[in-house]
Amino acid sequence: MTKRLCLLGLVLVGCGDSQELMPLQVGNTWRYSVSAGFKDDLTEVRVLRVASVAGVEGVVLTGPMGESHLAWKGDTLIAERFSNTTFKPAVPLLVNSDRRTRRTWSGKAMGIWGQFQGTGTLNQAPAEEQIGGQRIKGIKTELTILNPKGKNIRLQTMFQPGFGVVSQRQWVGGDQLISLERLGGSN
């Protein structure tokens, strides 16, 4: 996957005591059905340990695509690192609110594929989505990162209060790279 950012792999859970949109305990696991290109698979993501993330207490998540470092900073779930990308400063993924909300980001994305200085926007709103035969009410977010050196990245995630991520899709340029739907978990 050269020259591509794969953010999706572990943008699955966050941390925080009362962050109902992303409940977390070290040891929790989430199971997902993943579709990437012509390949469908089942995968599991686990909250491995507590760690410092962007100067606050966060978590390390682990799964088949590697590790991610996420934390709640104030009312915002942030990601400092995904399996193949580090962000300085961390990017916003979710705001602990049930209202339409927007956050912006400006910084550097770095990985083995290179680096770029970019900008991003996180938009979120209450939503309903059909997942696994059930109508789910929650918060849908869309993070768009503009890459002046290449293709833009778009990450769309549906969060269900009390359960966390129930679906997620990622595009680079206009190409959908991967999508997932939650099958279950231990939280």
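One can find the structure itself at the top, above this paragraph.
Attention here is on the structure that accompanies the text. (Residues numbered from 1 in each chain as written. Predicted model: local features only at pLDDT ≥ 70, side-chain atom pairs only at ≥ 80, totals over all residues. Heavy atoms only, no water.)

Details of the overall build of the chain
- If you tally the helices and strands in the chain, you get 0 helices and 12 strands.
- Taken from N to C terminus, the helices and strands of the chain fall in the order β-β-β-β-β-β-β-β-β-β-β-β.
- The buried share among the 187 residues of the chain stands at 49%.
- With an accessible surface of roughly 8,900 Å², the chain has 48% of that area assigned to carbon and sulfur atoms. (Helix = DSSP H or I, 4+ residues; strand = E, 2+ residues; numbered from the N terminus. Buried < 20%, exposed > 50% of the residue type's maximum accessible area, 1.4 Å probe, protein only. Areas by Shrake-Rupley, 256 points an atom, 1.4 Å probe, with all protein chains shown as cover.)

Notes on the pairing of strand β6 (residues 85–95)
- With 8 of its 11 residues buried, β6 lies for the most part within the structure.
- Of the pairings in the sheet, the one linking strand β5 (residues 76–82) to β6 comprises 6 bridges and is antiparallel in character. Bridge assignment links A79 to a residue of β6, and that residue is V91.
- In this structure, the hairpin formed by β5 and β6 is closed by a connection of 2 residues.
- Pairing of β6 with strand β7 (residues 101–111), which is carried by 3 bridges, proceeds in the antiparallel orientation. Considered in β7, the bridge of T86 is made with M110.
- Two successive antiparallel strands, β6 and β7, enclose a turn made up of 5 residues. (Pairing = 2+ DSSP bridges.)

Some remarks on the packing of aromatic side chains
- All chains considered together, the criterion is met by 3 aromatic pairs.
- Measuring from centroid to centroid gives 5.7 Å for F82 and F87, while their planes differ by 80 degrees, and the two rings are edge-to-face.
- Owing to a relative accessible area of 1%, F82 belongs among the buried residues under this scheme.
- Residue F87 is classed as buried on the basis of its relative accessible area of 1%.
- Seen from their ring centres, W113 and F116 are 6.0 Å apart, and the 40 degrees between their planes marks the pair as tilted. This pair shows no difference in class: W113 is buried, exactly as F116 is.
- In this structure an aromatic cluster arises from ring pairing among F82, F87 and W105.
- Between the NZ or CZ atom of R154 and the centre of the ring of W171, over which it lies, the distance is 3.8 Å. (Phe/Tyr/Trp six-rings, centres within 6.5 Å; stacked < 30°, edge-to-face > 60°. Lys NZ or Arg CZ within 6 Å of the ring centre and 35° of its normal.)

With respect to the environment of L42
- Looking at the secondary structure, you find L42 in strand β2 (residues 39–53).
- Residues L42 and L183, 141 residues apart in the sequence, show an inter-C-alpha distance of 8.8 Å.

Interpretation note: all reported values are geometric properties and have no functional meaning in isolation.
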